[in-house]
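Survey of secondary and tertiary structure
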Amino acid sequence: MKYNLSNICVYAKGKIDVAVLDNSTYISTENMIPNKGGITKASSLPTVVQTQTFITGDVLVSNIRPYFKKIWFAEFGGGCSNDVLVFRAKDGVSKRFLYYILADDKFFGYSMATSKGTKMPRGDKVAIMKYPVPKFTYEKQEKIAGILEALDKKIKLNTEINDNLEEQAQLIFQSWFIDYEPFGGITPSDWQNTTLGNIASLKTESWSPSKNPDTVVEHYSIPAFDEKHYPVFEIASGIKSNKYILTPESVMISKLNPDTKRIWRPMCLSAHPVCSTEFIIYEAKKEGQRDFIYSILDSVPFSNHLCSHTTGSTNSRQRAMPKTTLDFPVLLPPDEVISDFCHIVTPMYDLIASNTIESQSLAKTRDSLLPRLMSGELDVSNFNF
């Protein structure tokens, strides 16, 4: 039995002073992550005095271009843009169940089908409330939400572990090669002044999709990085421009708008890993030094160097110049020091990759289960936590 979305929730009303918000408690469409990725910190606050408020347990959905599937279950209260819809569960309705009703791809498809506008479609708030939803008891709602939430909790845990590992690896690099802490805090006298170009090479071997239209490629693009930090697997016939070939020894960093750091250590999960030409690809000249090169690219001094050697006059068009990155100065330690460093950080980077792959698999399982649970195809009546 089904009824409408309006039977289980309402649009939340109320205003909050922008003065009491900060970058962590203000949500706009810009700091909501596509494809159900949650939120990140806002880059700025609105200039108005007040804005829409939300509370813990509300469900926030970006109403611009619904196909981006931006949704977040509020874990705290705050304020949001008027382009973000705030759904609040009615009494007797599971808040988490409401979240998964709205996180279903069918909901975003319905929102697009009933949206208004072409260049920047917006969901029709009246039509949205007519979205058909299943009529389940509260107990069944909680069971369905519990199954799906268990998968999301593991994905969240993996993300937290990866963030921690990345921070630790950066701190180790800082300690060893900038502060020299393992060497008494003094610059070792036997280290050599050199440049990145003497220890790493730029790779620009091109691959043509038009000459290999039936090939399935592992495509590393800027949109894929921004959305999931995970490559897209797609048929080459759908790709318009040439790509760079990647290998398990590659590391890459985006040259487009380098003040937004996009650094990637490709996983090379298939026979055809390629990337956008908007990335600069490096490979270590010596075997086993890949993660030393990656750590240099991930360091603050290199980021500063990258941002200070760009072309283009506006932030939206700036690009780093690949060849000038090879001039970045490096104080090079002996090979055995680099080997010891990689012996510590490589397992950390490998675990990050493993967690990322697992999270993708869990998300795929969740998205497969969700419509089957909502349709009643999968019976949860005998399921107990």
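This report concerns the structure included in the present document. All of these numbers come straight from a predicted model, not from anything done at the bench.

**Details of the overall build of the chain**
- Helix and strand counts for the chain come out as 9 helices and 23 strands.
- A principal-axis box enclosing the C-alpha atoms of the chain has dimensions of 75 × 55 × 45 Å.
- If you take every contact in the chain between residues at least 6 apart in sequence, the share linking residues at least 24 apart comes to 76%.
- Surface accessibility of the chain: about 19,400 Å² in total, with carbon and sulfur atoms responsible for 52%.
- Side-chain charges of the chain comprise 42 positive and 43 negative groups, with the mean position of each set lying 11 Å from the other.

**Here's the deal with the packing of aromatic side chains**
- Overall, the coordinates contain 28 aromatic pairs when judged by the stated rule.
- Between F177 and W191 the ring centres are 5.9 Å apart and the planes differ by 45°, which places this aromatic pair in the tilted class. Of this pair, F177 sits in helix α4 (residues 138-177) while W191 sits in the loop between α4 and β11 (192-195), and the two are 14 residues apart along the sequence.
- Clustering of aromatic rings is evident, with ring pairs tying together F173, W176, F177, Y180, F183, W191, F292 and F341.
- When the ring centre of F68 is taken as origin, the NZ or CZ atom of K70, which lies over that ring, is 5.5 Å away.

**Overview of the pairing of strand β20 (residues 279-284)**
- Counting buried positions along β20 yields 5 of 6 residues, so the element is predominantly enclosed.
- Pairing of strand β12 (residues 200-202) with β20, which is carried by 3 bridges, proceeds in the antiparallel orientation. Across the sheet, the residue bridging to L202 is Y282, located in β20.

**Re the sheet that holds strand β4 (residues 26-27)**
- One open sheet accounts for 4 strands, arranged β3-β5-β8-β4; its pairing is mixed. The strands lining the two open edges of the sheet, one partner per strand, are β3 (15-17) and β4.

**Observations concerning a nonpolar patch on the surface**
- Taken together, the side chains of V216, F233, I235, L269 and I357 make up a nonpolar region of the molecular surface, amounting to roughly 390 Å² of accessible area.
- Structurally, the position occupied by I357 is in helix α9 (residues 335-374).
- For I357, a relative accessible area of 32% puts it in the partly exposed group.

**Quick look at the side chain of T51**
- Tracing the backbone shows T51 in strand β5 (residues 50-54).
- In this structure the side chain of T51 is engaged in a polar contact, spanning 2.6 Å, whose partner is the backbone oxygen of C80.
- Those residues in contact with T51 that lie beyond four places of it in its chain are G14, K15, I16, V18, L21, Y26, G79, C80 and S81.

**Looking at the pattern of salt bridges**
- The full count for this structure, using the stated rule, is 19 salt bridges.
- Within the structure, one salt-bridge network assembled from shared partners comprises K36, K69, D105, D152, R366 and D367.

**Looking at the sheet that holds strand β6 (residues 59-62)**
- With respect to topology, 4 strands assemble into an open sheet ordered β2-β9-β6-β7, the strand pairing being antiparallel. Looking at which strands have only one partner, the edges of the open sheet turn out to be β2 (9-11) and β7 (71-73). When strand polarity is set aside, the average angle formed by the axes of neighbouring strands in this sheet is 25°.
- One ladder, built from 3 bridges, connects β6 with β7; its direction is antiparallel. Paired with V61 across the bridge in β7 is I71.
- This element, helix α1 (residues 95-103), spans β2, β6, β7 and β9 (84-89) of the sheet and lies at about 170° to β7.

**Digging into helix α7 (residues 300-307)**
- F302, S303, H305 and L306 are the residues of α7 that are buried. For α7, the angular spread of buried residues about the axis comes to 160°, placing them on one side. Opposite the packed face of α7, turned more than 90 degrees from it, sit the exposed residues V300 and N304.
- On its buried face, α7 sits against β17 (250-254), β20, α6 (290-297), β21 (310-311), β22 (319-320) and α8 (322-325).

**Observations regarding the packing of α1 against helix α2 (residues 105-113)**
- Between α1 and α2, whose axes approach to 5 Å, the crossing angle comes to 55°. Here α1 lies oblique to α2, going by the angle between them. Here I101, L102 and A103 of α1 come into contact with α2, specifically with D105, F107 and F108.
- Of the residues belonging to the contact of α1 with α2, the class tally is 5 nonpolar, no polar and 1 charged.

About the cut-offs
Residue numbers restart at each chain and count upward from 1, following the sequence in its written direction. pLDDT decides what is reported in this predicted model: residues at 70 or higher carry local features, side-chain atom pairs at 80 or more are listed and counted, and totals for whole chains, interfaces and linings draw on all residues regardless. Neither water nor hydrogens contribute to the side-chain values; these are computed over all heavy atoms in the structure. By the criteria applied, helices consist of DSSP H or I runs no shorter than four residues and strands consist of E runs no shorter than two, each listed in order from the N terminus. In what follows, a contact means two residues having at least one pair of non-hydrogen atoms within 4.5 Å. With residues, only the protein chains shown are counted as cover, and all accessible areas are computed by Shrake-Rupley using a 1.4 Å probe. His residues and chain termini do not enter the charge count, which takes Lys and Arg as positive and Asp and Glu as negative. Working definition for charges: the position is that of NZ of Lys, CZ of Arg, CG of Asp or CD of Glu. Each pair of aromatic rings taken from Phe, Tyr and Trp, with Trp reduced to its six-membered ring, is defined by centres within 6.5 Å and is described as stacked if the planes are under 30 degrees apart, edge-to-face if over 60, and tilted in the remaining cases. Only when the NZ atom of a Lys or the CZ atom of an Arg is both within 6 Å of the ring centre and within 35 degrees of the ring normal do we say a charge sits over the ring. Partly exposed residues are those whose accessible area sits between 20% and 50% of the maximum for their type, while under 20% is buried and over 50% is exposed, using a 1.4 Å probe and protein chains only. Think of it this way: DSSP has to see at least two bridges between two strands before they count as a pair. Like charges are joined within 9 Å and nonpolar side chains (Val, Leu, Ile, Met, Phe, Trp, Tyr) within 5 Å, but only among residues with over 30% relative accessible area and no salt bridge; these make up the patches. Salt bridge, as applied in this entry: a Lys or Arg side-chain nitrogen positioned within 4 Å of an Asp or Glu carboxyl oxygen. Each polar contact in these results corresponds to two N or O atoms within 3.5 Å; when the atoms are within protein, one needs to be able to donate a hydrogen and the other to accept it, and residues that are neighboring in sequence are counted only if both atoms are side-chain atoms. Throughout, an axis means a line fitted to C-alpha atoms (over the contacting stretch in the case of helices), and angles, computed between N-to-C directions, take values from 0 to 180 degrees. In this context, the arc is that of the directions from the helix axis out to the C-beta atoms. Angles below 35 degrees are treated as roughly parallel, those above 145 as roughly antiparallel, those between 65 and 115 as roughly perpendicular, and all remaining angles as oblique. Each residue gets one label: Ala, Val, Leu, Ile, Met, Phe, Trp, Tyr, Cys and Pro are nonpolar, Asp, Glu, Lys and Arg are charged, and the others, such as Gly, are polar.

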